[in-house]
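Structural characterization, general
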Amino acid sequence: MPIPAGRSVDLESKGRLVVMNCTVVDGTGAPAYGPAHIVVEDSKIVEIIRPYVPGAREGIPFEGFAPGSDDRVVDAEGGYVLPGFIDAHAHIGGEKQTPDAQLVYDLWIAHGITTVREAGSLRNGLDFVVSEAGRSSRNEIIAPSIEPYVVFAQGAAEELTSPASIDAWLEDVKGRGAAGVKFFGARPDVYRHALQRAREMGLLTMCHRAQTDVLRTNVRHSARWGLTSVEHAYGIPEAMFIDKKIQEYPLDYNYVDEQDRFRALGSLWRQAPEPGHPAWSAFIDELVDSGITLVPTFVAYVASRDLTHAKGRPWHTDFTTGVLSRFFTPNRASHGAYFFDWTTEDEVAWRDNYQRWMAFVREFYLRGGKVAIGSDAGFIYNVFGFGFVEELELFREAGFSPLEIVSIATLRNAELLQKESEIGSVEVGKDADLLIIRDNPLRNLKLLYGTGHAVYSDEGEKRCVGGVETVVKKGAVIDARETLERARRAVAAERADTQSEMY
Ligand SMILES: [Zn+2]
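No experiment lies behind these values; they were computed from the predicted model shown. (Residues numbered from 1 in each chain as written. Predicted model: local features only at pLDDT ≥ 70, side-chain atom pairs only at ≥ 80, totals over all residues. Heavy atoms only, no water.)

A word on the coordination of the zinc ion. Protein-derived coordination of the zinc ion comes from H89 (NE2), H91 (NE2) and D376 (OD), at a distance range of 2.1 to 2.3 Å. Classification of H91 by relative accessible area gives buried; the value is 4%. A relative accessible area of 9% places D376 in the buried class. (Donors = N, O, S within 2.8 Å, 3.2 Å for Na, K, Ca; no water. Buried < 20%, exposed > 50% of the residue type's maximum accessible area, 1.4 Å probe, protein only.)

Structural data, given as structure tokens:
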């Protein structure tokens with residue numbers, strides 16, 4: 001049974017729109033500038049008006065500018081405008097996880113996410129995701145733009161082992177609207193052929209390498225064979241092993257037991273050469289040269305290093321449905337619900353694992369490698385929208401500056417989608433995908449959480465600041481706060497319906 005799609009809404013995006021008096025962080029990595037007025041016609045930025053800047057094109061004087069009487073105006077006085085965020089690893093979910101697609105879209109929009117790379121059409125199938133992408137692109141629903149990817153061999157009538165069968169499947173999904181293909185692993189000859197053929201056809205590729213396939217093909221093979229992006233970290237430490245070929249698994253390890261799987265993952269990076277080791281450095285150079293992108297999704301695994309934090313995230317109360325809460329709670333049926341008996345030792349191992357992982361990603365970036373920011377929300381206590389902001393904070397922890405982080409979450413992520421000429425920055429000619437926030441998110445990334453950032457007076461009085469206020473998506477103006485409130489109401493109703501509390 002297909003899950004209910006996003007509900008129709010009346011989203012007016014015709015005519016001129018002026019975002020006035022804002023400070024712009026444009027996504028290219030340039031420092032903030034302002035005041036500025038951004039003029040949008042239909043879905044495109046047509047002019048950015050600001051006081052004289054040396055070398056800038058002479059345009060309408062900032063002071064003398066007045067919007068036309070028919071213009072839609074958003075006064076962003078005192079606020080910041082950023083390009084809409086792109087979540088490079090996102091899932092709409094499905095029946096047992098997120099039966100209400102609109103709730104997921106609302107949480108994304110409420111956090112300024114205007115584009116998502118849907119990582120595999122896992123539960124609803126490609127046709128559903130393509131159809132939702134179409135409705136979103138026509139602004140028929142409040143939702144980010146959706147880039148549909150499909151899991152390799154999904155829906156194939158036969159095992160894809162011959163080049164002809166692989167080619168036919170790729171032709172089929174491309175014809176049905178897939179932008180890319182997601183791999184979990186495949187026989188090396190199949191994987192190699194599929195990667196190369198996809199590239200020739202203009203299909204992008206991503207791979208979450210399953211441990212069962214990592215000996216036969218790791219990230220080194222993927223890079224050589226033209227994979228577009230590596231998801232998470234699987235296959236990276238393994239490609240650097242110098243004193244072993246196979247990860248040291250506990251001898252009673254069972255891959256199907258996810259607690260075994262994620263516990264063993266916690267000691268993976270320290271089986272690889274230390275940061276700075278010649279083999280570590282050489283592998284980074286090799287990866288950088290290949291042009292591959294790393295999409296670490298740090299946030300997807302933080303529960304492993306601090307389960308108390310992950311379960312106690314304050315937004316669970318209002319934004320995690322009963323269905324999702326049950327999906328997160330340890331059980332054998334859901335992916336990522338593996339904390340049956342998670343110990344101090346597991347968490348400490350994972351903290352060390354993170355330091356090595358983050359050092360690798362940072363060094364890769366510094367040497368010219370491409371990295372992307374994605375949340376993989378919907379699994380492991382990771383909530384849509386909120387998880388994306390957590391990922392920004394984790395990039396900060398990994399050593400990236402706030403300005404670098406914004407440029408990765410916008411323009412660099414757009415490059416991953418090969419859409420950098422259309423989206424990802426606040427520049428003339430780009431699509432009007434913007435987020436407006438009443439504070440400076442570079443100063444504190446926590447301001448980007450939909451529920452804002454709590455500050456307390458000396459008297460202990462609490463005040464919430466920040467939170468994205470307005471989102472412009474392809475010229476349509478969306479009240480981000482109202483969107484968040486709609487999500488809150490939807491979750492409350494669902495909780496009442498399913499009679500469920502957070503587990
Ligand atoms: Zn994923």
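There's more to say after this.
With that out of the way, let us pick up the domain arrangement of the protein. Quoted interface sizes are often the accessible area lost when the parts come together. If you check the domain split of the protein, you get domain 1 (9–82 + 434–440 + 447–498) and domain 2 (83–416). One C-alpha centre belongs to domain 1, the other to domain 2, and the line joining them spans 29 Å. Contacts between the two partners involve 35 residues from domain 1, matched on the other side by 43 residues from domain 2. Summed over the shared surface of domain 1 and domain 2, the number is two salt bridges. Residue R486 is joined to D106 by a salt bridge in which the shortest nitrogen-to-oxygen separation is 2.8 Å. Within the residue set of the side of domain 1 that touches domain 2, elements represented by two or more residues are β13 (434–437), β16 (468–473), β17 (476–479) and α16 (480–498). Looking at the side of domain 1 that touches domain 2 residue by residue, the classes come out as 20 nonpolar, eight polar and seven charged. (Domains from an automatic or database assignment. Contact = heavy atoms within 4.5 Å. Salt bridge = Lys/Arg side-chain N within 4 Å of Asp/Glu carboxyl O. Helix = DSSP H or I, 4+ residues; strand = E, 2+ residues; numbered from the N terminus. Nonpolar A, V, L, I, M, F, W, Y, C, P; charged D, E, K, R; others polar.)

Our next topic: unusual backbone geometry. Looking along the chain, the bond that leaves G34 and enters P35 is cis, with omega of 0°. Structurally, P35 can be placed in strand β2 (residues 33–41). Even without being glycine, A153 reaches a positive phi, approximately 75°. Its place among the elements puts A153 in the loop between β7 (145–151) and α3 (163–175). Given a relative accessible area of 29%, A153 falls into the partly exposed group. One non-glycine residue, T297, adopts positive backbone phi at about 45°.

Attention now goes to the packing of α3 against helix α4 (residues 188–201). Running from N to C, α3 and α4 point in directions that differ by 40°, and their axes come no closer than 10 Å. The orientation of α3 relative to α4 falls into the category oblique. Considering only the axes of α3 and α4, their crossing is right-handed. Along the contact surface, α3 presents P163, I166, D167, L170, E171 and K174, while α4 presents V190, H193, A194, R197, A198 and M201. In terms of residue class, the contact of α3 with α4 is made up of seven nonpolar, one polar and four charged. (Axes fitted to C-alpha atoms, helices over the stretch in contact; angles between N-to-C directions. Parallel < 35°, antiparallel > 145°, perpendicular 65-115°, else oblique. Left-handed = near helix turned anticlockwise from the far one by under 90°.)

Pairing in this open sheet of eight strands is parallel, and the strands run β5-β6-β7-β8-β9-β10-β11-β12 from one edge to the other. On the outer flanks of this sheet lie β5 (85–90) and β12 (370–371), each paired with one strand and no other. Note that strand β11 (residues 293–295) and β12 share two bridges and pair parallel. Its bridge partner being in β12, T293 is matched across the sheet by K370. Each of β6 (113–118) and β7 touches helix α2 (residues 126–137); the most contacted strand, β7, lies at about 170° to it. (Pairing = 2+ DSSP bridges.)

Working definition: two side chains of opposite charge can pair if their charged atoms are close together. Applying the stated criterion across every chain, the model contains 42 salt bridges. In this structure, E404 engages R362 in a salt bridge whose closest nitrogen and oxygen atoms are separated by 3.0 Å. Placement of the pair is E404 in helix α15 (residues 402–416) and R362 in helix α13 (residues 344–366), with a sequence separation of 42 residues. Via salt bridges that share partners, K44, D431, D433 and K474 belong to a single interconnected network.

The mixed open sheet is built from seven strands, whose spatial order is β3-β2-β1-β4-β13-β16-β17. Each having just a single partner strand, β3 (44–49) and β17 make up the two edges of the open sheet. Across the sheet, the mean angle separating the axes of adjacent strands is 35° when strand polarity is ignored. Where strand β4 (residues 72–83) and β13 come together, four bridges link them in antiparallel fashion.

A separate point is empty space enclosed by the protein. In total, this model carries three cavities of 30 Å³ or more according to the counting rule given. Lining the largest cavity are H232, A233, Y234, P237, L265, L268, W269, Y301, W350, N353 and W357. The dominant element in the lining of the largest cavity, judged by the number of residues it contributes, is α13, at three residues. Of the residues that constitute the lining of the largest cavity, the class distribution is nine nonpolar, two polar and no charged. (1 Å grid on protein atoms, 1.4 Å probe; cavity = no way out; pocket = protein on both sides within 12 Å on 5 of 7 lines; lining within 4 Å. Points joined across faces, edges and corners; volume = space filled by probe spheres on them.)

The end-to-end C-alpha distance of α15, which contains 15 residues, comes to 20 Å, matching closely the 21 Å that a straight helix rising 1.5 Å per residue would cover. Residue Q418 follows α15 closely and has a positive phi angle near 55°. (Expected span 1.5 Å × (residues − 1).)

Before going further, it helps to examine the side chain of K244. You can see K244 is positioned in the loop between α6 (236–240) and α7 (258–265). By relative accessible area, which is 13% here, K244 ends up buried. A polar contact of 3.0 Å, which involves the side chain of K244, links it to the side chain of D243. (Polar contact = N/O pair within 3.5 Å; in protein donor to acceptor, adjacent residues only side chain to side chain.)

So, on to the pairing of β4. The pairing of strand β1 (residues 16–24) with β4 spans seven bridges and is parallel. Residue pairing across strands places V24 opposite V81, the latter belonging to β4.

Under the criterion given, the structure shown has 33 aromatic pairs. With a centroid separation of 4.2 Å and 35° between ring planes, the pair formed by Y338 and F339 is classed as tilted. The buried category is assigned to Y338, whose relative accessible area is 0%. Among the residues examined, F339 registers a relative accessible area of 7% and is labelled buried. Above the plane of the ring of Y149 lies R117, whose end atom (NZ or CZ) is 5.3 Å from the centre. (Phe/Tyr/Trp six-rings, centres within 6.5 Å; stacked < 30°, edge-to-face > 60°. Lys NZ or Arg CZ within 6 Å of the ring centre and 35° of its normal.)

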